[in-house]
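The lines below spell out each chain.
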Amino acid sequence: MLKINNLVLTVTDPDTGQQTEILHGNSFELAQGEALGLVGESGSGKSMTLRCVLGIEPPGARVTGEIELDGTDMLRANGEALRRIRANDLALIAQNPHGALNPVLPVERFLIEGMSDARSMDKKAARALAADLLRQVGIDDTERVLRSYPHQLSGDCCSAL
Ligand SMILES: Nc1ncnc2c1ncn2[C@@H]1O[C@H](COP(=O)(O)OP(=O)(O)OP(=O)(O)O)[C@@H](O)[C@H]1O
Ligand SMILES: [Mg+2]
C-alpha cells in the first residue's frame, strides 16, 4: 500500500541559505491492514517523513527518493491528485492541536472542508456526515462540538466533551 524508498529531505535556511539534510535515506513498506510505528528521539524526523508522504514538507524543501501510495507516485502527483488522496485516503493527526488547527475557525469548518471540496458534497450533507463521524467515535453532543473552537475542546478535551 505504501512504499518509501531512499527518502532524502533537505531544507534550506531562508536567512543564511544553508542546507541541512533532515532525512538521510529512509526506506520502509506498509501493507494494507498493517500498522507501523516509527520510533526515534525527538527531532529524528518521524513527522517530517509523514509530511513528505502528504506533500506538506516545509517551503523550499527538496525531497528525493520514492514514495508510492497504492500505485501513485506521490512525489510526481499533481495538485488535484494529491487533494483527492488527502481527502479520501491519507490523514495526519497532528501531535499539537493548538498549533495544527486554525484557532479562529470552528471545528465544523475542518471537518466539512475536505468532504465538500474533494468529495463534491454539498455543505449540508457534509455537515450531516461530520456529525455522524463524531457519533461513531462516541461524541454524541454533535451540535455543540461542531460549533466549538479548537481551544474549547482540546487540551482539556475529556472534561470538555
Ligand atoms: N519547518 C521546518 N523547517 C526546517 N526544519 C524543520 C522544520 N520543522 C522541523 N524541522 C527539523 O526537522 C528535523 C526533524 O523534525 P521532526 O519534527 O520530523 O522530528 P520528530 O521525530 O517528529 O520529533 P518529535 O518526536 O519531537 O515529534 C528536526 O531537526 C527539526 O529541527
Ligand atoms: Mg513529530
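About the cut-offs
Residues numbered from 1 in each chain as written. Chains lettered and ligands numbered in written order. Predicted model: local features only at pLDDT ≥ 70, side-chain atom pairs only at ≥ 80, totals over all residues. Helix = DSSP H or I, 4+ residues; strand = E, 2+ residues; numbered from the N terminus. Buried ≥ 20, exposed ≤ 12 C-beta atoms within 10 Å, placed from the backbone. Near = placed C-beta within 6 Å. Nonpolar A, V, L, I, M, F, W, Y, C, P; charged D, E, K, R; others polar. Core = buried A, V, L, I, M, F, W, Y, C linked by C-beta atoms within 7 Å. Contact = placed C-beta atoms within 7 Å. Domains from an automatic or database assignment. pLDDT = per-residue confidence, 0-100. Pairing = 2+ DSSP bridges. Arc of directions from axis to C-beta.

1. Considering the overall build of the protein
Point 1. Scanning the protein from N- to C-terminus turns up 8 helices and 4 strands.
Point 2. In sequence order, the secondary structure elements of the protein are arranged as β-β-α-β-β-α-α-α-α-α-α-α.
Point 3. Taking the principal axes of the C-alpha coordinates as reference, the protein spans close to 45 × 35 × 30 Å.
Point 4. Buried positions account for 12% of the 161 residues belonging to the protein.

2. Description of the site of ligand 1
Point 1. Taken together, V11, I22, G40, S42, G43, S44, G45, K46, S47, M48 and P58 are the residues near ligand 1.
Point 2. Among the elements that take part in the shell around ligand 1, helix α1 (residues 46-54) stands out by supplying 3 residues, more than any other.
Point 3. Looking at the shell around ligand 1, its residues break down into 4 nonpolar, 6 polar and 1 charged.

3. So, the nonpolar core
Point 1. Listed in full, the 9 residues of the largest apolar core are I4, L7, L9, L23, M48, C52, V53, I67 and M74.
Point 2. Excluding its chain neighbours within four sequence positions, the residues that come into contact with M74 are V53, G55, I67, E68 and L69.
Point 3. Listed in part, the 7 residues of the second largest apolar core include I112, M115, A126 and L134.

4. Notes on the domain arrangement of the protein
Point 1. According to the domain assignment, the protein contains domain 1 (2-88) and domain 2 (97-160).
Point 2. Between the C-alpha centres of domain 1 and domain 2 there is a distance of 27 Å.

5. Remarks on the confidence of the model for the protein
Point 1. Across the protein, the average pLDDT comes to 88, with 93% of residues at or above 70.
Point 2. Predicted confidence for residues 156-161 stays below pLDDT 50, and this span has 4 contacts to residues more than four positions away or in other chains.

6. So, the pairing of strand β2 (residues 19-30)
Consecutive residues of a regular strand have side chains that alternate between opposite faces of the sheet.
Point 1. Burial runs low along β2: only 1 of the 12 residues are buried.
Point 2. Where strand β1 (residues 2-12) meets β2, 9 bridges bridge the pair, whose relative direction is antiparallel. The partner of T12 across the bridge, within β2, is Q19.
Point 3. Hairpin remark: β1 followed by β2, antiparallel, with 6 residues in the connecting loop; positive phi at G17, about 80°.

7. Points about the sheet that holds β1
Point 1. With antiparallel pairing, 4 strands are arranged side by side in an open sheet as β2-β1-β3-β4. Where the open sheet ends on each side, the last strands, each with one partner, are β2 and β4 (72-73).

8. So, α1
Point 1. Among the residues of α1, those classed as buried are M48, T49, C52 and V53. Along the axis of α1, the buried residues cluster in a sector spanning 150°; they form a single face.
Point 2. In this structure, the buried residues of α1 make contact with β1, β2 and β3 (62-69).
Point 3. Following α1 by one or two positions, G55 adopts a phi angle in the positive range, close to 75°.

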